[in-house]
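Commentary on secondary and tertiary structure
Each chain, written out:
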Amino acid sequence: MGVIDLDRLEVRLGARTVLDGLTGELQGNAIGLLGPNGAGKSTLINTLLGFHSPSKGTARVFGLDAHRDRAQIRGAIGYMPENDSFIGNMTGVRFVRYMAELAGLPSGEALERAHEALFYVGLGEVRYRKVSTYSLGMKQLIKLAQALAHGPKLLILDEPTNGMDPIARQRMIQLVKEIRKEGSVRLLISSHLLRDIDETCDEVLILKNGRIAALCNIEAERRSNRSFMELETVGATEKFSVSIRGLGCECACFPGGRIKLVIPDHIEVRDLYVIASEQGVQIRRMNQRRDSLEDIFLRAMDSPMDNEAGRPTHVSL
Amino acid sequence: MSVYKNTYRAYTGPITPLWMRVYALARYGFAEAWSSKITVALFTLSLLPFLVFLVGIYLANNPIAQILVLKSVAHPLTVDASFFLIVLQIQSWIALILTAWVAPRLISFDLADNALPTLLSHPISRVGYVFGKFMAMFTSLSAVTWVPCLVLFAYQCYSSQQPWAAAHFSIAAGVFAGAVIWIAFLSILGLALSSWVKWRVVATGIIFAAVFVPAGVGAIVSAVLRTKWGLLLNMPVTMSILWQRLLGTPEFMHDAASLPTAAIVTVLVVACLLCVAMLNARIRAREVVRG
């Protein structure tokens, strides 16, 4: 059983299908949720929290149905929303205590945990100030504190570094890493920033137009000994890329004649030069490099989708 | 997670039952309502009529004091259903003022900073959220309506020379029922209107308007169409008629203009359903997408 199981999940908002047949099992300790604006990241999170009901299929969190068992799931989840979401009229400690009590902690324990959570995220000194007087970074941190205070099994962070300066961002990333290292909390982190996901997650789910563009274990990808290459070409790049695909290479084209490709073991670099020469394409630069999350993301974005299964057709990860 | 060690630790302690979350909402809402000095001032104001009526009951049951204090008054002071109707009416209109101040505090603070996604991501439903706020409102209003009324009733029972309580128990039941209907209506009306307005001052004004503007519209309807049914929109009048019937006092309106109890109850139920629909549309963790 994975942390999150999706089975042909479809969510419609009004007349629009926002999530379209998502199927997959997310098992990582820290799962990154990536995708461009409108890909369906926040809708997926809202569905897992039971805010939206699936029009088809199911979503399960720790084996519980996200819609039917939403009260149980919410008890086990800590949620840090993307936008401002707090009660500005309350002091920091009162707000976190209130949220902990709503999550099911008795009053005394909730107060104790609220103090601890605020010190943990670095707001100990300002915990008696009203939340409305906090800076943007502090508001992000108090959202994290309220999500942590009741000791959730799954922590959902929606754009956790939104609006933070580099130092505050680094502090947030460090906190997330510590929570992950502690081991009792699974993380689902939605972000636009590949670097945030790269630093904190071991599994990544990439959404594109409401479908799964890629689902892979980042660590496993990094460990694999695959030969990655980046070319800078001049000439008929598209035709060239079709030809090298014919050799068995996986490749993605980018503007400016850039091509990223994975070369199978039986192909030599010389073969690329031969094809380039035949097609009158100049290879101006050739870099061999390891795969990065950016590569995974860009390949996923570049690949066409299989309409039936909601899975990528040409992305092999 | 410790204050001194600054490390994260999981929570392994006890968990409260689900109904306690509603209680927590009500408790925090109640504390929020009464953290305002104006709420306390309004409560103190509500005690002034209560003290006057308390003195009235004392005088009514003490012939010597009555002779000394009320020697120039032609009619002796009597404590009966009409006496308690006046108490209930005064306390009920103070409850309206309290609603206009307290209800926006319970909802608007949550809406102003978009707290609903965070609140509703906890194991509490939208119904539970509204019910918790409703309980906070209802409890606050109880303190100025049926509680002082029943305290006065108990004092009258204690002060009366005759066995008064058994013969007049219907007054206590009527006062309690009338007050509960009114404050339940005020609570849901206050919450529904506050949920649609982020600015508390505006919400306060709208709550007053929601009670008195339809009364004006009703009067116009009655005058233009020459019908008594326009009175159904006049909440002060309809509630007064309902209270009179619950306490068994003579009605102040002549028979032709009197409204059937079923019509009054129907108007109250329809108004409450409208409020529930307003709350259902507004109390959501996410904006509703249409189209």
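Quick caveat, the model's predicted, so the values are computed rather than measured. (Residues numbered from 1 in each chain as written. Chains lettered and ligands numbered in written order. Predicted model: local features only at pLDDT ≥ 70, side-chain atom pairs only at ≥ 80, totals over all residues.)

Per-chain confidence: chain B averages 89 in pLDDT, with 93% of residues scoring 70 or above. When mean pLDDT is compared element by element in chain B, helix H6 (residues 126-142) of chain B scores highest at 96, while helix H3 (residues 63-69) of chain B scores lowest at 81. (pLDDT = per-residue confidence, 0-100. Helix = DSSP H or I, 4+ residues; strand = E, 2+ residues; numbered from the N terminus.)

All names here are of chain B. Taken N-terminus to C-terminus, the directions of helix H11 (residues 235-247) and helix H12 (residues 261-282) make an angle of 125°; their axes are 10 Å apart at the nearest point. In terms of orientation, H11 lies oblique with respect to H12. Pair H11 / H12 crosses with left-handed handedness. When H11 is examined against H12, the residues Thr238, Ile241, Leu242 and Arg245 are found in contact with a partner set consisting of Thr261, Ile264 and Val267. Tallied by class, the residues present in the contact of H11 with H12 amount to 4 nonpolar, 2 polar and 1 charged. (Axes fitted to C-alpha atoms, helices over the stretch in contact; angles between N-to-C directions. Parallel < 35°, antiparallel > 145°, perpendicular 65-115°, else oblique. Left-handed = near helix turned anticlockwise from the far one by under 90°. Contact = placed C-beta atoms within 7 Å. Nonpolar A, V, L, I, M, F, W, Y, C, P; charged D, E, K, R; others polar.)

Packed helix pairs are specified by the crossing angle of their axes together with the interaxial distance, meaning the distance between the axes. Residues and elements named next belong to chain B. Here helix H9 (residues 169-194) crosses helix H10 (residues 200-225) at 130°, and the two axes come no closer than 9 Å. As the angle between them shows, H9 and H10 are arranged oblique. Of the two elements, H9 crosses H10, and the hand of that crossing is right-handed. Contacts between H9 and H10 pair Leu189, Gly190, Leu193 and Ser194 from the former with Ala203, Ile206, Ile207 and Ala210 from the latter. A breakdown of the residues in the contact of H9 with H10 according to their chemical character gives 6 nonpolar, 2 polar and no charged.

Here we take up the environment of B:Leu47. Its location among the elements puts B:Leu47 in helix H2 (residues 37-60). The spatial distance from the C-alpha of B:Leu47 to the C-alpha of B:Pro148 is 8.2 Å, given a sequence separation of 101 residues.

Interfaces are frequently sized by the accessible area removed from exposure as the parts join. In this complex, chain A contributes 41 residues to the contact, which on the side of chain B involves 33 residues. Put simply, the parts of the chain that give the side of chain A that touches chain B at least two residues each are helix H2 (70-76), strand S6 (77-80), helix H3 (92-102), helix H4 (107-121) and helix H6 (166-182) of chain A. The element that contributes the greatest number of residues to the side of chain A that touches chain B is H4(A), accounting for 7 residues. When the residues that make up the side of chain A that touches chain B are grouped by side-chain class, the tally is 20 nonpolar, 13 polar and 8 charged.

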